[in-house]
Amino acid sequence: GVAGMEAARVCALRGHAVTLFEKRDFGGALIEGSVAEFKADLRPMIDYWSRQMSKLGVEIRREEATAESASGYDVAIVAVGGESTVPKLTGIDQPNVVDALDVFNGAPVGKQVLVLGGGETAVETALYLHDQGVPVSMLIRRDAPMAHDVAVTDRIAYGEMLVKGGVQVLNNLQVKAINADGVTASSTATGEEKQIPADTVVTALGYRPRANNLAQSLRERNIPEVYEIGDCVRAARIFDAVHAAYKLGIRI
């Protein structure tokens, strides 16, 4: 991902022999993060880091790093990323439930889609589906989307896009259960329950550090320096991941 690619670039610039383990396509979560047309300006970043890896002689191994394959190095930077938060909801395993990342990877959705979540990922998912011509609504517990997790300028821009696109935002609702016909939710003010119809329910409730004990396993194998960075420590924005990786790289 972003943190791993930038850390590899900076360490290579400083003269270190660098190996980058990547179990998926080069680019990590930036691949899904740049699918929407309104985020197309992020796509060249993948090409940039790819060219830098080639120019700087970084060895890229297309496999998941393990305690065995990553042993023997002087320094290990663990940047295994995050994973979608899975809510503990009745019906979360229904066949009509799709994760937001899978939507960006081309997972099919029905004719009427309901996105659960009010953060940046939820908004971007709703806007992306709207651009695909899919009728989409958002269901959130708060008074408005993205109340806390983005800059004010982003909130204004995305808010205007939602209004312009006609995306319906259902505020102040708590999901009780997911079923084949949609979602049962209750008002956070009155407790009144209602059924909200949907062919597909998309979960976009944020990210959490990926469960992984690689760093600890490497420490137990006596690698002199082991660092953890990026979303595997705390879910962060691209800007933060790049800067954290750069600052780490210049210290090694």
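No experiment lies behind these values; they were computed from the predicted model shown.

**Q** Talk me through the pattern of salt bridges; I want residue IDs and the actual numbers.
**A** Applying the stated criterion to the full structure yields eight salt bridges. With a shortest N-O distance of 3.6 Å, Arg43 and Glu37 are connected by a salt bridge. Note on Arg43: relative accessible area 33%, which makes it partly exposed. Close ionic contact of Arg219 with Glu228 constitutes a salt bridge, the shortest N to O distance being 3.6 Å.

**Q** So, the packing of helix H5 (residues 120–131) against helix H6 (residues 152–165): which residues are in play, and what are the values?
**A** For the pair H5 and H6, interaxial distance at closest approach is 11 Å and the crossing angle is 35°. Of the two elements, H5 crosses H6, and the hand of that crossing is left-handed. Contacts from Glu120, Val123, Glu124, Leu127 and His130 in H5 reach Tyr158, Met161, Leu162 and Gly165 in H6. Considering only residue class, the contact of H5 with H6 consists of five nonpolar, two polar and two charged.

**Q** Account for the environment of Ala180, with residues named and values stated.
**A** Among the structural elements, Ala180 can be located in the loop between strand S9 (173–179) and strand S10 (182–187). C-alpha of Ala180 to C-alpha of Val201: the two residues are 21 residues apart in sequence and 9.4 Å apart in space. Setting aside chain neighbours within four positions, we find Ala180 in contact with Gln94, Asn96 and Ala198.

Calculation criteria
- Residues numbered from 1 in each chain as written.
- Predicted model: local features only at pLDDT ≥ 70, side-chain atom pairs only at ≥ 80, totals over all residues.
- Heavy atoms only, no water.
- Salt bridge = Lys/Arg side-chain N within 4 Å of Asp/Glu carboxyl O.
- Buried < 20%, exposed > 50% of the residue type's maximum accessible area, 1.4 Å probe, protein only.
- Axes fitted to C-alpha atoms, helices over the stretch in contact; angles between N-to-C directions.
- Helix = DSSP H or I, 4+ residues; strand = E, 2+ residues; numbered from the N terminus.
- Left-handed = near helix turned anticlockwise from the far one by under 90°.
- Contact = heavy atoms within 4.5 Å.
- Nonpolar A, V, L, I, M, F, W, Y, C, P; charged D, E, K, R; others polar.

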